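In case you want the letters, here they are:
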Amino acid sequence: GSMSGSVIIFQEGTYALTISNMCGAESATVFVDELLPVNVNMGPDQDILCDNETLDIFLDPTYATFLWQDGSTESQYQISDAGVYTVTMTHVCGTSSDSIVILELPVPVVELGDSILACPGDLVFLTSNITIGDYTWQDGSTNDSLLVATSALYALTIENPCGMDHDSVMVLF
């Protein structure tokens, strides 16, 4: 209803203007969309990829341009290797950056070997190949190795976000 030659807009919405004189009238309508301050967010600061996994990042391309650490400019990005990944998003309201650290984690593999024969009084040191994960021996202990002095069947389970594996070995004194 304003009769002035200009208007200050404080919120988004549809605005219409009609100009008339003795020759007629012309009208136009425009939708004003409020842009929020730029804030790019790729999710957690750190994530884990298991063997042959990828992480796909999808960012909203509306009103924005992107620049990734490798110079690519797409709003979508696929990560398949460990490393630090950074994106800078720019639009009319400013610039924002975010980074994510990707760690690669193998599926656990437990290999205690074949049966072990030892002499009475000896100590046998049991350990598996170096695998990142939570270790649990048959006795409930959680060390990455076990020192044994008695005949028994010893078992180890290793679990991490990429999976679980277990093995056992007979130790005879």
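Residues numbered from 1 in each chain as written. Predicted model: local features only at pLDDT ≥ 70, side-chain atom pairs only at ≥ 80, totals over all residues. Heavy atoms only, no water.

Engineer: Report on the sheet that holds strand β7 (residues 83-91), specifying residues and quantitative values.
Structural biologist: Strand order in the open sheet formed by 4 strands is β3-β8-β7-β5, and the pairing between neighbours is mixed. The strands lining the two open edges of the sheet, one partner per strand, are β3 (46-50) and β5 (65-68). Between one strand and the next, the sheet's axes are offset by a mean angle of 25 degrees, whatever the strand orientation. With 9 bridges joining them, β7 and strand β8 (residues 94-105) adopt antiparallel strand pairing. Paired with Val84 across the strands is Val101, a residue of β8. (Pairing = 2+ DSSP bridges. Helix = DSSP H or I, 4+ residues; strand = E, 2+ residues; numbered from the N terminus. Axes fitted to C-alpha atoms, helices over the stretch in contact; angles between N-to-C directions.)

Engineer: Lay out unusual backbone geometry with the relevant residues and their values.
Structural biologist: Of note, the phi angle at Asn52 is positive, near 60 degrees, even though the residue is not glycine. Among the secondary structure elements, Asn52 is positioned in the loop between β3 and β4 (55-58). Judged by its relative accessible area of 83%, Asn52 falls in the exposed class. (Buried < 20%, exposed > 50% of the residue type's maximum accessible area, 1.4 Å probe, protein only.)

Engineer: Help me get a handle on a nonpolar patch on the surface, residues and values and all.
Structural biologist: Side chains of Ile48, Val84, Val101 and Leu103 sit close together on the surface and give an oily, nonpolar patch of about 280 Å² of accessible area. You can see Val101 is positioned in strand β8. (Patch = residues over 30% accessible without salt bridge, like charges linked within 9 Å, V, L, I, M, F, W, Y side chains within 5 Å. Areas by Shrake-Rupley, 256 points an atom, 1.4 Å probe, with all protein chains shown as cover. Salt bridge = Lys/Arg side-chain N within 4 Å of Asp/Glu carboxyl O.)

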